[in-house]
Amino acid sequence: MNLTLKIWRQKNANSKGEIVEYPISDISPDISFLEMLDVLNSQLIPAGEEPVAFDHDCREGICGSCSLYINGEAHGPDRRVTTCQLHMRKFKDGDTIFIEPFRANAFPVVKDLVVDRSAFDRIQQAGGFISINTSGNTQDGNAIPISKHAADEAMDAATCIGCGACVASCKNSSAMLFVGAKVSQYALLPQGQVEAADRVQNMVAQMDLEGFGNCTNTGACEVECPKGISLENIARMNRELVKASLKG
Amino acid sequence: MSGFLKSSIGRKIAMALSAFFLMVFILQHFAINILSVFNPDLFNEASHFMGNNPLVQFVLQPVLIFGVIFHFVMGFVLEFKNKASRNVSYAVNNGNANSTWMSRNMIYSGGFILIFLVIHFIDFWIPEINTKYVLGDSSGLLADGSDYRYFVELQHKFIPLWRVLLYCAGFVFLSLHLLHGFSSAFQSVGANNKYTQALKGFGKAYAVLIPLGFIVIALFHFFNNSH
Amino acid sequence: MALDSKIPQGPLADKWTNHKNKIDLVNPANKRSIDVIVVGTGLAGGSAAATLAELGYNVKAFCFQDSPRRAHSIAAQGGINAAKNYQGDGDSTYRLFYDTVKGGDYRSREANVYRLAEVSTNIIDQCVAQGVPFARDYGGLLDNRSFGGVLVSRTFYAKGQTGQQLLLGAYSAMNRQIGRGKIKMYNRHEMLDVVIVDGKARGIITRNLITGEIERHSAHAVVLGSGGYGNVFYLSTNAMGSNVTAAWKAHKRGAYFANPCYTQIHPTCIPVSGDHQSKLTLMSESLRNDGRIWVPKKLEDAKAVQNKTLKPTAIAEEDRDYFLERRYPAFGNLVPRDVASRAAKERCDAGFGVNATGEAVFLDFASAIIRYGKEQAHVKGLDENDESLVNKLGKEVVKSKYGNLFQMYEKIVDENPYETPMMIYPAVHYTMGGIWVDYNLQTTVPGLYAVGEANFSDHGANRLGASALMQGLADGYFVLPYTIGDYLSDDIRTGPITTDSKEFEEAEENVRKQIDSFINNKGTKPVDYFHKRLGKIMWNKCGMARNEKELKEAIEEISALREEFYKEVLVPGEANEFNEELAKAGRVADFLELGELFAKDALVREESAGGHFREEHQTKDGEAQRRKEFQFVSAWEYKGAPKDAILHKETLEYENIEVKERSYK
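Residues numbered from 1 in each chain as written. Chains lettered and ligands numbered in written order. Predicted model: local features only at pLDDT ≥ 70, side-chain atom pairs only at ≥ 80, totals over all residues.

Our next topic: the packing of helix H5 (residues 176-187) of chain A against helix H8 (residues 232-247) of chain A. Residues and elements named next belong to chain A. Closest axis-to-axis distance for the H5/H8 pair is 8 Å, and the angle between their directions is 70 degrees. Taken together, H5 and H8 sit at an angle that is classed as roughly perpendicular. Note on packing geometry: the crossing formed by H5 with H8 is left-handed. Between H5 and H8, the residues in contact are Met176, Leu177, Val179, Gly180, Ala181, Val183, Ser184 and Ala187 and Asn233, Ile234, Arg236, Met237 and Glu240, respectively. For the contact of H5 with H8, a count of residues per class yields eight nonpolar, three polar and two charged. (Axes fitted to C-alpha atoms, helices over the stretch in contact; angles between N-to-C directions. Helix = DSSP H or I, 4+ residues; strand = E, 2+ residues; numbered from the N terminus. Parallel < 35°, antiparallel > 145°, perpendicular 65-115°, else oblique. Left-handed = near helix turned anticlockwise from the far one by under 90°. Contact = placed C-beta atoms within 7 Å. Nonpolar A, V, L, I, M, F, W, Y, C, P; charged D, E, K, R; others polar.)

Shown next, in the form of structure tokens:
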């Protein structure tokens, strides 16, 4: 395949970026999108140009490192995949592909397509945990039975990889799917009940502080989420916050 | 609680609650208006009741006005804040791939509804308030005292074509607004469960049928007048 | 220096308890004045950092990723073992210990493995308390599945994402401590050297991967949880960033490197598809619970499948060779990984491979779909003989068990594994070798510790499935936090460690020199060019089967490649900016040294054991042949070039387990 790539290039956080065009040829439809970028970089480096910087690590869709806004969609046109699992067979010969970083003020660009998503870490630090110290004598794992339904639902919420596609796709740069998923995981489990009120209030407060926008229920996040995290989690978070606020 | 209302989610829920109130109001408004098509007398009586009942006038009406203003102001505030959370926009953004046009453009449908509302207030509400509270005429009767004035005034308003078209356009935007807004309000207050799909269907029906009904009323009077 | 493994005296089952009772503790007030550096935030590093902070130490944690949550432990799929015996199928601490030692082909340290089995049950309890959503059965109790190499069901799991959930558990524990200010987290920082002051590890030098800044960090002890070195093969199931640099720098500063040649080649990976492939994707071993592995019986069928003129589903049952079931009737498709991998290689080498390159075998779920389908039809009172119904019900069951894996396979290969058998081939997955540690997880450098895959301790020559997560968390949550106290109890009066010493200066200078030399080299070829070539040498000559001749060639070739690398490598950009090529250059430089030591270790180990298979040493059935005289750990001391490394032997004693021929027949 021959393609025209239009890639956002930005030297560092403080410089102004721009879209730069790169033609690329002989791309096998069986390679992944990031491997296509590897090919581009392997051509740029010997030509004395700076390679395109992008985040990536596991390349099997679980670490959440890779991002990229491809032709106007987070993780590209395919569904339920991260960019690293997106394959070139989803594109046609002669296509022009726009590649931009995930955009949100809360995700400042570090370089080219690399953004800083540490806001997510800080939200979790505000309360995304159960306060339990490590000890050799925690109660037995089977001491509290948890219904399969609740365990499965908690797992579905916990499957979030923290990639930020929800924020990138949202017209409001809202992080509610991410926060909702984490709040939900603990809200659904008996272990999470003790701190439930503080958790949701603290995490939402931190989310607001980080400068994410508000949710207007467009549902774009759910569609673009590579792990299919459901909007139900946002609804649950909203309920949890009301409950917590009523408790005072 | 003050912390709750400052939080993003608190504001979102407040938007939803005002939306619920407005949706109930629209239903009520529609129920009375449709009477004008079938039974002008009944319409007149209902209008007179609404216009002179102290509970409606001095409790519900202020609440409604507050609800309307709140919904608009909060809507604009949130929109501007949300816009401001992304300073650099995408060169290419394929919103249609993941969301409906309606959901992304609530500010425009809402904005048009606001323009419509202003005209609607000038058309009906301000004259009404003027008659009752400035001129002090609470009789609800026509100048010659032969009948209630409400139905006649209504007919009169739908003579000019420009107004009929404007009203129809207003209702189209109301429909677009509701097509997203109805189910969105439920999602905002945390109602997302096994009934959600059914509720979405109901919401779509509401969003299409009620504005369509208003359009029918407007057209009905327009065509009746011209004959 | 003689190796002292510091294994406590006394009966095996009491060693750990007695040891914990005897070691020195640090009182809570003093812990506040002690700093500990943890490098790596995977299961081992992350859990260690969290626990040390809970205990009261000041922890500085480092990871090269943009968040601790992205460490490669997250990619572990199948599960975590624990001797809970919830299934009542005869499991016990001893049996887990026994299975692990046997699975490791009698090349691991008894006392360590027993301790691992002992604390395994605590891990599950701890993780459940943290909110890890393990799979539950309909009664609300924890569910188990079985894994290769064992006869009990002791593997706990969270869908096919157990590593992710356990890591997020450790990450949440870390977050709590970061929020409290007890952990200072340094994301996007890469450790480039260990600083030794007066013979003790007292800090590290790091590079900020965003700004390029070189930083000095001091502490009273340094813990390495930096993972394995499978990426020395270029293509592996490791993450792109996984590297040996932290461990290798420690090695260069005096930590012995143990058993580098013990590498696990995982049998169920998606086969290599082309030249631009950047990594290999693992399909969880749990698939072997239900999938049957086969190749065509007839060579002509195999050829036809390779040319795509014959569909695998068209091959009759009697023309299929279920080679694992044939060779190992007792364990069947659930033989340990090393055995399964070699058996697949043997068939493919004989020409029976099933993809275009001839390097793939089938993993078939057709019979599982029918079995589950009939079961479901029976349960629901439907017609068990209705083929399409049975098929539909069966697929639903398989989907609920492995749906995410099937989906991943389909996305990558573009074939529907519900309809046509999956194709798999072995790939480098895990490295059992690593930094040598004693019973306390301390390396040969005082104050320098290694946990998880970075150390060598528990898996011997082959690791059983679902044991990596177990070891990482055991080390981090339950072992290191105790044993490090014994060392730190001498440091309560030391006070803060200055970074202004000549040792820090010298280490920083070294790091800067290397970076400058890369930037100024202006060669002709990018880093990946060398990494790929190194990978090819490793895979062809130090891979699933090794022999003396090729290993000797490998040593020469790697050494020559290293020279070429330093002459010809081209690193674009500047030192003081975000520069991934520069980071990669440093990592590949270390791989080029490790690779040679790897080959040398494999050459010296003239036996076959677990993942290390020497063609000269096999039984007449083609199984691995251990040799009594090699019942030791090879611990290598750095002396300049890898060829000059000095071998130290730690003899392995088996007092509680009979060393037998490892048979899964």
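What follows covers helix H17 (residues 580-604) of chain C. For H17 of chain C, spanning 25 residues, the distance from its first C-alpha to its last is 36 Å, which sits close to the expected 36 Å at 1.5 Å a residue. Judged by how many residues are buried, H17 of chain C sits mostly within the fold: 24 of 25 residues are covered. (Expected span 1.5 Å × (residues − 1). Buried ≥ 20, exposed ≤ 12 C-beta atoms within 10 Å, placed from the backbone.)

Moving on to the interface of chain A and chain C. Every contact between the two is made by 66 residues of chain A and, on the other side, 68 residues of chain C. Those elements that place two or more of their residues in the side of chain A that touches chain C are helix H1 (33-44), strand S6 (109-111), helix H2 (118-125), helix H3 (148-158) and H5 of chain A. Of the residues forming the side of chain A that touches chain C, the biggest block, five residues, is contributed by H3 of chain A. A class-by-class count of the residues in the side of chain A that touches chain C yields 24 nonpolar, 27 polar and 15 charged.

Looking now at the arrangement of the chains. Among the two pairs of chains that make contact, the interface with the largest number of contacts is formed by chains A and C. At the level of C-alpha atoms, the two units chain B and chain C stay apart, their nearest approach being 20 Å.

The next subject is the sheet that holds strand S4 (residues 73-74) of chain A. All names here are of chain A. Sheet architecture is open: five strands sit in the order S2-S1-S5-S3-S4, paired in mixed fashion. The open sheet has two free edges, formed respectively by strand S2 (18-24) and S4, since each of these has just one partner strand. Pairing geometry for strand S3 (residues 69-70) and strand S5 (residues 96-100), over two bridges, is antiparallel. Paired with Ile70 across the strands is Ile99, a residue of S5. (Pairing = 2+ DSSP bridges.)

On to the sheet that holds strand S10 (residues 257-258) of chain C, then. Residue and element names in this part refer to chain C. The four strands lie next to each other as S16-S10-S18-S19, forming an open sheet whose pairing is antiparallel. With partners counted over all chains shown, the strands left at the sheet margins are strand S16 (434-435) and strand S19 (646-651), one partner each. Alignment of S10 against S16, held across two bridges, turns out to be antiparallel. Within the sheet, the bridge partner assigned to Ala258 lies in S16 and is Gly434. Running at roughly 145 degrees to strand S18 (residues 632-637), H17 makes contact with S10, S18 and S19 of the sheet.

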